[in-house]
Amino acid sequence: MRKSCAFTLALGAAVHASPAEAVTPASVTRVSRVTGATPAGESLPNPNQTHTNYEVMGTDLGIMWDKGGGEIFVLFGDTFGNGWCGNGGCGGGWRSNVLARSADKTLSDGLSFSTMIQDYSWHAKEILPSKKINFDEITVIPTAGVTVGARHYIHYMSVNNWGEAGRWSTNYAGIAYSDDNGQNWLKHPSARWQNTSTWTNNFQMAAFVKNGGFVYLYATPNGRFGNVYLARVPETALLNINDYRYWDGNGWSASQSAAVPVTMGGAGELSVAYHSYFGRFIMTYLNENRQAVVMRDSATLTGPWSGEKVLASATDYPGLYNAFIHPWSTSGTDLYFVMSQWTPYNTFLMRTTLASDAFGDNLLSEPGFETQAATPVMTPWYVQGNGGIDRNLGTARTGQDAGYVRASSGWNALKQSVAVQPYTDYTLRGWVRTSANNTAGYFGARGVNTGPIVGETPFGALTGYTQLTVSFNSGPHSVLEVYGGMWANGDTWVQLDDVSLTRGPNLVGHAGFEQQASSSATSPWYADGNAGIDRNLGYARTGANNGWVRNTTGWNALKQEVSVVPNTLYTLRAWLKTSGNFNDGYFGARMLNGGPILSETHLTQPLSGYTQVTVQFNSGANHSVELFAGLWATSDTWMQVDDFSLTRN
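Residues numbered from 1 in each chain as written. Predicted model: local features only at pLDDT ≥ 70, side-chain atom pairs only at ≥ 80, totals over all residues. Heavy atoms only, no water.

## Focus: the sheet that holds strand β10 (residues 168-178)
Within a sheet, each strand pairs with its neighbour through backbone hydrogen bonds, oriented either parallel or antiparallel. In spatial order, the strands read β8-β9-β10-β11; together these four strands make up an open sheet with antiparallel pairing. Of all strands in the sheet, those with a lone pairing partner are β8 (139-148) and β11 (186-194), marking the two edges. Going from strand to strand, the sheet's axes swing by 25° on average, the running direction of each strand aside. The pairing of β8 with strand β9 (residues 151-162) spans nine bridges and is antiparallel. Of the residues in β9, the one forming a bridge with Thr147 is His152. (Pairing = 2+ DSSP bridges. Helix = DSSP H or I, 4+ residues; strand = E, 2+ residues; numbered from the N terminus. Axes fitted to C-alpha atoms, helices over the stretch in contact; angles between N-to-C directions.)

Next comes the structure, spelled out in structure tokens:
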């Protein structure tokens, strides 16, 4: 789009032959103890002996990030020493948090520390102090860490009080920083997310991901039952709360209240990392309702995120929580993470093997009901009316389990809520069979809490499993509820199995400008120079609205940031028409913040009617790119644009 923009961008080779469509974990094993003493009968390696070396006898968490200099930081929560009672976070020597350094690259035999930050010999230091006053500030717990340059940052929560299992209240979340390799930390006075009087602020616990000049902050409310939200900030502005921008479903907003979920909860103790081998972002957290540490994955930072996949369950590891990803284990099939167990209130290094998931980019959790522990239905599926799980009864389409509803009257359904991108196309599929007397079955998607239907298909009697398909646009919704059920006609039943929800191929938000609410471009569209929206003026190619750029001088364009998969080919299309004096326009894709052009077409002739223009480009090393259509004006010149599409080749 610049007059001196023609050059070649060299592309690095991907680590993996091609990005996986999705990833699934298997073969989870406990590798070693990370903290605490080895109890009688335990044969795990215990390289750190923290009980004698640092007076760390009981602790939890184990948040890890690359600190530079060939080391990682390993950050722990409430920590107890001499006088520790041996169970569940109690006893003497209480420190709200402690910090270790590690240079260990051979994780197959355990995670060894180089040292822990100490306030005196053989004693791990509390790095972020707390008042330790219940219903004021009982403790300060770290939730994430990141290093930018030589400065280290910790996201933490100030806990007002602990409630019942998985529920607690926070005063605020904040950021602390260190400029001396982690020895001393300062809580920044204004880099904070103050909680509400009802304890509902959505940015109280976090995970950091550094990418493309930004630090991305995935966040949840206090406790373990909230949804996951997303913000980002330039790397150089981590301590400036006003520079954070919040994902609103289509773009980045300065308003925290505009943030919408990127995944549905309940999520506790997040960890997010980019896995270069599979070309996927990995998200892990505890789902307290399922009593399992779970994993989601996504091709892009903004999603869509896959459904949950179980990493480890409380059946095998009682009292488990958190799964903090080791940053040096993301370039092969073995993924290492640190997990806590309430009893014995200590941390362990875990390993899982990842493989490409043949089920593809399914956004639903538990699509085949296979890890539902028992009837009645457990999260993420819920029953309206009467229903549950047929477990190992020989009635499933695949695997051993299927969902069912059965009743003699009323509406009965299985349903699940899922985060979606507004005004985006989706396809819902599922396999259904019914009793012979079913006459009023419905399969579809709607707003949450029995909201408006965005798409559904009716079905009658289906004596054998039959695949049903519903295509729909999400409309203004950022969360939808998928459902399968029936109005009972006497003793009536429906069985449901192998359900999937996938996003349509077009990655452009507000692609036809129909959702733009004013003549000024609003998220996800932005203007360079003079540009905006023609609303219901009769200039659109389709629908009521179109975009425009017009000026007498300089560069003027409409642009949008879109998340992409690195080192991947894309095709960008849009329909353009121009004024008769138009002779210098550009349409294409570039790196963010006015960065290098990835590919563009130079338009030198007027387009008297809407004409489709196509550009192909490789995303290079980028996870986000900027699409643009614009012109250089020397007299009153205009361009109108409509019906954008960006699809992966």
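After presenting the structure, the write-up continues.
## Section: the sheet that holds strand β37 (residues 554-563)
The five strands lie next to each other as β34-β37-β42-β39-β40, forming an open sheet whose pairing is antiparallel. What marks the edges here is a single partner per strand, and that holds for β34 (526-528) and β40 (597-603). With direction set aside, neighbouring strand axes in the sheet form an average angle of 20°. Here β34 runs beside β37; their pairing, made up of three bridges, is antiparallel. By the bridge assignment, Ala527 is partnered in β37 with Leu558.

## Examining the nonpolar core
Counting residues in hydrophobic clusters, the biggest one holds 35 residues, and the most contacted among them are Leu576, Phe587, Met639, Phe644 and Leu646. Every element with two or more residues in this core is listed here: β35 (531-535), β37, β38 (569-578), β39 (585-590), β40, β41 (611-618), β42 (624-633) and β43 (637-648). Top contributing element to this core by residue count: β42, with five residues. Excluding anything up to four places from it in sequence, Phe644 contacts Asn506, Val508, Ala511, Phe513, Trp525, Leu572, Arg573, Ala574, Phe587 and Ala629. (Core = buried A, V, L, I, M, F, W, Y, C linked by side-chain atoms within 4.5 Å. Buried < 20%, exposed > 50% of the residue type's maximum accessible area, 1.4 Å probe, protein only. Contact = heavy atoms within 4.5 Å.)

## Topic: the packing of aromatic side chains
The final tally for this structure, using the stated rule, is 31 aromatic pairs. Aromatic pair Tyr218 and Trp305: ring centres 5.9 Å apart, planes at 90°, arrangement edge-to-face. Placement of Tyr218 in strand β13 (residues 214-220) and of Trp305 in the loop between β19 (292-298) and β20 (309-313) is noted, with a sequence separation of 87 residues between them. Of the two residues, Tyr218 and Trp305, both sit in the buried class. What links up through ring pairs into an aromatic cluster is the set Phe80, Trp94, Tyr321, Trp342 and Tyr345. A cation sits over an aromatic face here: Arg397 above Trp431, 3.7 Å from the ring centre. (Phe/Tyr/Trp six-rings, centres within 6.5 Å; stacked < 30°, edge-to-face > 60°. Lys NZ or Arg CZ within 6 Å of the ring centre and 35° of its normal.)

## Concerning the confidence of the model for the chain
Atom-level detail of predicted coordinates should not be read off regions where pLDDT is low. On average, residues of the chain score 94 in pLDDT, and 96% of them reach the 70 mark or higher. In the model, residues 1-17 has pLDDT below 50 throughout and makes 29 contacts with residues more than four positions away in sequence or in other chains. (pLDDT = per-residue confidence, 0-100.)

## Overview of the pairing of strand β12 (residues 205-211)
For a regular strand, side chains alternate in direction, first toward one face of the sheet and then toward the other. Along β12, six of the seven residues are buried, which leaves the element largely enclosed by surrounding structure. Where β12 and β13 come together, seven bridges link them in antiparallel fashion. Note that in β13 the partner of Met205 across the bridge is Thr220. Remark: two residues form the turn of the hairpin made by β12 and β13, two consecutive strands paired antiparallel; Gly212 in that turn has positive phi of roughly 60°.

## Observations regarding the side chain of Asn161
With respect to the helices, strands and loops of the structure, Asn161 is situated in strand β9. The exposure class assigned to Asn161 is buried, which follows from its relative accessible area of 12%.

## Quick word on the pattern of salt bridges
Tallying each qualifying case throughout the model produces 25 salt bridges. The salt bridge partner of Asp297 is Arg280, with a shortest N-O separation of 2.9 Å. Of this pair, Asp297 sits in strand β19 while Arg280 is found in strand β18 (residues 280-287), placing the two residues 17 residues apart along the sequence. Residue classification places Arg280 among the buried positions, given a relative accessible area of 1%. Across the pair Lys559 and Asp528 runs a salt bridge whose closest N-O atoms are separated by 3.0 Å. A residue pair is termed long-range when its members are at least 10 positions apart, and Lys559 in strand β37 and Asp528 in strand β34 qualify at 31 residues. You can call Lys559 buried: its relative accessible area is 17%. (Salt bridge = Lys/Arg side-chain N within 4 Å of Asp/Glu carboxyl O.)

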